[in-house]
Every structure is written in structure tokens, then in C-alpha cells.
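# Descriptive structure summary
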Amino acid sequence: MSDSVESSRSPLKRAPCPNCGEPWLRPTQLPGRLRCVNCLSRFELVSQCPNCGEHQTILRMSNTEDMQCQSCGASMLQPA
Ligand SMILES: [Zn+2]
Ligand SMILES: [Zn+2]
């Protein structure tokens, strides 16, 4: 018996804004750049973890998990 946790999870779940905590980050015209429409902060999705220095492969920008370091879980979003 499996419940439908996987299917009910949105594939486009957004990461919360590191500044205001609201899930209003939107991609901009520039690749790897996002802007929070709530607090109007701009962020850059970096490929190297600012916390532990681990280099990450960015596979899918739409997935929240891909915006976190796979080693330490730090956010890969940096203020831009
Ligand atoms: Zn914000
Ligand atoms: Zn890290």
C-alpha cells in the first residue's frame, strides 16, 4: 500500500527567498538569476557551495533540492 505522496508533491515547488522566507523567487531573463517578487531581492544560483566549498552540478533550477548543497544542505542562492 503506497500513498500518493510522490504524485501530490509539486514538481515546480519553489525555494523560499533567503531574504524574506517567502516562496516568491522567480527566474529572470538571465540564466541562474532569480528575483524575489515579494522583497525584490536578487539572487544568483551559484555552482560552488558558499558554506563548504563543494562544487555542485545544477541539474534542474525548478527543483528546490537542487538549490541546496548536497554535502551540507546550505542554500546555493547568493545575493546578486
Ligand atoms: Zn524575498
Ligand atoms: Zn556545502
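Here, every reference points to the structure presented above.
Rules used throughout
- Residues numbered from 1 in each chain as written.
- Chains lettered and ligands numbered in written order.
- Predicted model: local features only at pLDDT ≥ 70, side-chain atom pairs only at ≥ 80, totals over all residues.
- Pairing = 2+ DSSP bridges.
- Helix = DSSP H or I, 4+ residues; strand = E, 2+ residues; numbered from the N terminus.
- Axes fitted to C-alpha atoms, helices over the stretch in contact; angles between N-to-C directions.
- Buried ≥ 20, exposed ≤ 12 C-beta atoms within 10 Å, placed from the backbone.

### Notes on the sheet that holds strand S4 (residues 77-79)
What the four strands build is an open sheet, ordered S1-S2-S3-S4; its pairing is antiparallel. Of all the strands in the sheet, just strand S1 (25-27) and S4 have a single pairing partner and so form its edges. For this sheet, the mean inter-axis angle between neighbouring strands, taken without regard to orientation, is 35 degrees. In this sheet, strand S3 (residues 42-45) lies alongside strand S2 (residues 33-36) in antiparallel orientation, the contact comprising three bridges. By the bridge assignment, Leu34 is partnered in S3 with Phe43.

### Side note on the environment of Gln70
Note on placement: Gln70 falls in the loop between S3 and S4. Along the chain, Gln70 and His55 lie 15 residues apart, while their C-alpha atoms are 9.3 Å from each other.

### A look at the pairing of S3
Residues Phe43 and Leu45 of S3 are buried on one face, while the alternating residues Arg42 and Glu44, pointing to the opposite face, are not. Connecting S2 to the next strand, S3, in antiparallel fashion are five residues, including Leu40 with a positive phi near 65 degrees. Here three bridges tie S3 to S4, and the two strands are oriented antiparallel to one another. Within S4, the position partnered with Leu45 by the bridge is Leu77.

Just distances and angles here, no functional claims.
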